[in-house]
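In case you want the letters, here they are:
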Amino acid sequence: TALRGRQYVRAHGRMPEALLFDCDGVLVDTEKDGHRVAFNRAFNEKGLGFEWGVEEYGRLLEVGGGKERMTAYFNQVGWPQDWPTDAEERARRVKEI
């Protein structure tokens, strides 16, 4: 359980030596070594046949948001063959990934 201010001092008899503030990707490259890997795993589990390499994923990071990133990628390279052409249905499928 996280303790705050006075509670921490009472519990430990001192102030913490340091506080770390982190934004996603600052202390650890969660994009390259986390999110990219997770996207590839999801693509594989869905049998989609896509795999994003490090360099390609770096370019894809110009698009904010995972669903938006996948949509931009599919618009660029082509949508999975068995997917519908309807934009709303495609958006639903992307969300399922």
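Note that the structure is a prediction, hence the values are computed from the model and not measured.

(A) The nonpolar core, seen in detail. Among the nonpolar cores identified, the biggest contains 13 residues, and Phe43, Trp52, Met70 and Phe74 are the most heavily contacted of them. Secondary-structure elements contributing two or more residues to this core are helix H2 (30-45), helix H3 (54-60) and helix H4 (66-77). Once residues lying within four places of it in the same chain are set aside, the contact partners of Phe74 are Phe43, Phe50, Trp79, Pro80, Trp83, Val94 and Ile97.

(B) Structural view of the side chain of Arg90. Looking at where Arg90 falls in the secondary structure, it is placed in helix H5 (residues 87-96). Arg90 has contacts with Trp79, Trp83, Pro84 and Thr85, leaving out every residue within four places of it along the chain.

(C) Main features of a nonpolar patch on the surface. Residues Leu20, Val26, Leu27 and Val28 make up a contiguous nonpolar surface patch of roughly 450 Å² in combined accessible area. Within the secondary structure, Val28 sits in the loop between helix H1 (5-12) and H2. On the basis of relative accessibility, which here comes to 53%, the residue Val28 falls in the exposed class.

(D) A look at the packing of H2 against H4. Where H2 contacts H4, the axes come no closer than 13 Å and their chain directions differ by 60°. Handedness of the crossing formed by H2 with H4: right-handed. Contacts from Glu31, Phe39 and Phe43 of H2 reach H4 at Gly66, Arg69, Met70 and Phe74. The residue inventory of the contact of H2 with H4, partitioned by class, reads 4 nonpolar, 1 polar and 2 charged.

Conventions used here
- Starting afresh in each chain, residues are numbered from 1 along the sequence in its written order.
- Two thresholds apply to this predicted model, a pLDDT of at least 70 for residue-level local features and 80 or more for giving and counting side-chain atom pairs, whereas whole-chain, interface and lining totals are computed over all residues.
- To obtain the side-chain values, all non-hydrogen atoms of the structure were included, while hydrogens and water were left out.
- Working definition of a nonpolar core: buried Ala, Val, Leu, Ile, Met, Phe, Trp, Tyr and Cys residues. They are joined through side-chain atoms within 4.5 Å.
- Burial here depends on accessible area, computed with a 1.4 Å probe over protein chains only, as a share of the maximum for the residue type. Under 20% is buried, over 50% is exposed, and the range in between is partly exposed.
- Segments assigned H or I by DSSP are reported as helices when at least four residues long, segments assigned E as strands when at least two residues long, and all are numbered from the N terminus.
- Here, residues are in contact when the closest pair of their heavy atoms is within 4.5 Å.
- The residues that make up patches have over 30% relative accessible area and no salt bridge, and they are joined within 9 Å when like-charged or within 5 Å when they are Val, Leu, Ile, Met, Phe, Trp or Tyr.
- Method for areas: the Shrake-Rupley scheme with a 1.4 Å probe, in which residue coverage is limited to the protein chains shown.
- In what follows, salt bridge is the name for a side-chain nitrogen of Lys or Arg lying within 4 Å of a carboxyl oxygen of Asp or Glu.
- Lines fitted to C-alpha atoms define the axes, with helix axes restricted to the stretch in contact, and inter-axis angles between N-to-C directions lie between 0 and 180 degrees.
- Each helix crossing is assigned a hand: it is left-handed if the near helix lies turned anticlockwise from the far helix by less than a right angle, otherwise right-handed if that turn is clockwise.
- Polarity classes work like this: nonpolar for Ala, Val, Leu, Ile, Met, Phe, Trp, Tyr, Cys and Pro, charged for Asp, Glu, Lys and Arg, and polar for all others, with Gly in that last group.

Spatial relationships are all this shows, so hold off on functional conclusions.
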